[in-house]
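The lines below spell out each chain.
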Amino acid sequence: MISDSVPWREHLWKAATELEKRAHSTRWIERTSFLVERDLLNGMFAIRRLIEAAKTSSNLPAERVSRGVHPLTGRVPKIYDRWSFWEHYDMASKQQTQLAVRELVTIFIHSFVFDFYPASDAGPAMIWVVSDRDRHKRLYSVTFERVVALFRRVGSEDVIFTAGPFDESAVRLSQHDMVDAGFASYEPFPYASDSDASISQLRAAFPSLAWSPFTADR
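Residues numbered from 1 in each chain as written. Predicted model: local features only at pLDDT ≥ 70, side-chain atom pairs only at ≥ 80, totals over all residues. Heavy atoms only, no water.

Concerning the overall build of the chain
Operational definition: We count a stretch as a helix when DSSP gives it H or I for four or more residues in a row; a strand needs E for two or more, and each element gets its number in order from the N terminus. Here, residues are in contact when the closest pair of their heavy atoms is within 4.5 Å. His is not counted, nor are the chain ends, whereas Lys and Arg count as positive and Asp and Glu as negative. Lys charges are placed at NZ, Arg charges at CZ, Asp charges at CG and Glu charges at CD.
A tally of regular secondary structure across the chain gives six helices and seven strands. Its helices and strands in sequence order give the chain the pattern α-α-β-β-α-β-β-β-α-β-β-α-α, from N to C terminus. Looking at the chain alone, contacts between residues at least 24 apart form 60% of all its contacts between residues at least 6 apart. Treating the 27 positive side-chain charges of the chain as one cloud and the 28 negative ones as another, the clouds have centres 6 Å apart.

A closer look at helix α3 (residues 101-109)
Under the convention used in this document: Only protein chains enter the calculation, and the probe is 1.4 Å; a residue is then buried if its accessible area is under 20% of its type maximum, exposed if over 50%, and partly exposed in between. Throughout, the arc means the angular range of directions from the helix axis out to the C-beta atoms.
Looking only at α3, the buried set comprises V101, L104, V105, I107 and F108. The arc that holds the buried residues of α3, viewed along the axis, is 160°, so those residues lie on one side.

Considering the side chain of R152
As a reminder, the rule being used: Polar contact criterion, stated in full: a pair of N or O atoms within 3.5 Å, where within protein one must be able to donate a hydrogen and the other to accept it, and residues adjacent in sequence count only if both atoms are side-chain atoms.
Looking at the element boundaries, R152 is found in helix α4 (residues 144-155). R152 gets classed as buried once you look at its relative accessible area, which sits at 19%. Within the structure, R152 has its side chain in polar contact with the side chain of E20 (distance 2.9 Å). Setting aside its immediate chain neighbours within four residues, R152 contacts W13, A16, T17, E20 and F189.

Things to note about the pairing of strand β5 (residues 138-143)
Stated formally: By this definition, two strands are paired if DSSP reports at least two bridges between them.
In terms of burial, β5 is a largely internal element, five of the six residues being buried. Relative to β5, strand β1 (residues 64-71) runs antiparallel, the two sharing four bridges. Paired with V69 across the two strands is Y140, which belongs to β5. Pairing analysis gives four bridges linking strand β4 (residues 126-131) to β5, with the strands arranged antiparallel. Along β5, the bridge assignment pairs W128 with S141. In this structure, the hairpin formed by β4 and β5 is closed by a connection of six residues.

Digging into the pattern of salt bridges
Opposite charge on two side chains allows them to pair when their charged atoms are near. Operational definition: The working definition used for a salt bridge is a side-chain nitrogen of Lys or Arg within 4 Å of a carboxyl oxygen of Asp or Glu.
Summed over the entire model, instances satisfying the criterion amount to 14 salt bridges. Among the ionic pairs, R9 bridges to E157, the shortest N-O distance being 3.7 Å. Separated by 148 residues along the polypeptide, R9 in helix α1 (residues 6-23) and E157 in the loop between α4 and β6 (159-163) bring together distant segments of the chain. With relative accessibility at 8%, the residue R9 sits in the buried group. One salt bridge in this structure joins R22 and E18, with 3.3 Å as the shortest N-O distance. A residue pair is termed a helical-turn pair when its members lie 3 or 4 positions apart in one helix, as R22 and E18 do in helix α1 at four residues.

Remarks on the packing of helix α2 (residues 30-52) against α3
Here is the rule we go by: As a rule, the C-alpha atoms of each element are fitted with a line to give its axis, helices using only the stretch in contact, and angles between N-to-C directions run from 0 to 180 degrees. Each angle is binned into one of four classes, with values under 35 degrees roughly parallel, values over 145 roughly antiparallel, values of 65 to 115 roughly perpendicular, and all other values oblique. Crossing handedness is defined as follows: a turn of the near helix away from the far one that is anticlockwise and smaller than a right angle gives a left-handed crossing, while the clockwise case is right-handed. All residues other than Ala, Val, Leu, Ile, Met, Phe, Trp, Tyr, Cys, Pro, Asp, Glu, Lys and Arg, Gly among them, are scored as polar; the first ten of these are nonpolar and the last four charged.
Here α2 crosses α3 at 135°, and the two axes come no closer than 9 Å. The orientation of α2 with respect to α3, classified from their angle, is oblique. The two elements α2 and α3 cross, and the hand of that crossing is left-handed. On the side of α2, the interface is formed by L41, M44, F45, I47, R48 and I51, while α3 contributes V101, R102, L104, V105, F108 and I109. Looking at the contact of α2 with α3 residue by residue, the class counts come to ten nonpolar, no polar and two charged.

So, the environment of L40
Along the polypeptide, L40 turns up in helix α2. Since its relative accessible area comes to 0%, L40 is described here as buried. In this structure the C-alpha to C-alpha distance between L40 and V148, which are 108 residues apart in sequence, comes to 9.3 Å. Those residues in contact with L40 that lie beyond four places of it in its chain are L19, F114, F116, I127, V147 and F151.

Next comes the structure, spelled out in structure tokens:
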């Protein structure tokens, strides 16, 4: 269990900076690949641990992240086929989907295919990933930019409001939630102005959360 979330968040912010830098590197060597792999997997694990320890906004697990979808076109890839995964999926597919953050980190942590390429004339820096469970259906692609944005959002998150029992079921809202709902603004990102939203306003803005019926308005 995480007792202090600050070091984990600092790690995420640092990983985001390093990934952003390496995504545009013109000197990509074997060591670079290891460092990118380390930062991506450690960052996804950190997000999962923060969620499981109730150290994030209650909204974070369900937040959506856009990614590409590449359907399986041939036989299901086996263990050594992961090194030529492009032969098994429709890499030209333009399909898009959105996955919840909780699903995203699970796919990375349990990845069967996990590869990435820096930015080039062909397009932005990309990550290709699929879990062992989904490899018989599809492959996913996601840009470095989206992952960096997620790492920075979670790494800078400050839970500024809680309501309900003192356990993992409490409603927790961050400064990002307040900005997204229009109750605050960044001054600049990731710092936000104070919010004076009432409980009733927060309930209306985030109806999917498990609000305690005993939470009093203010």
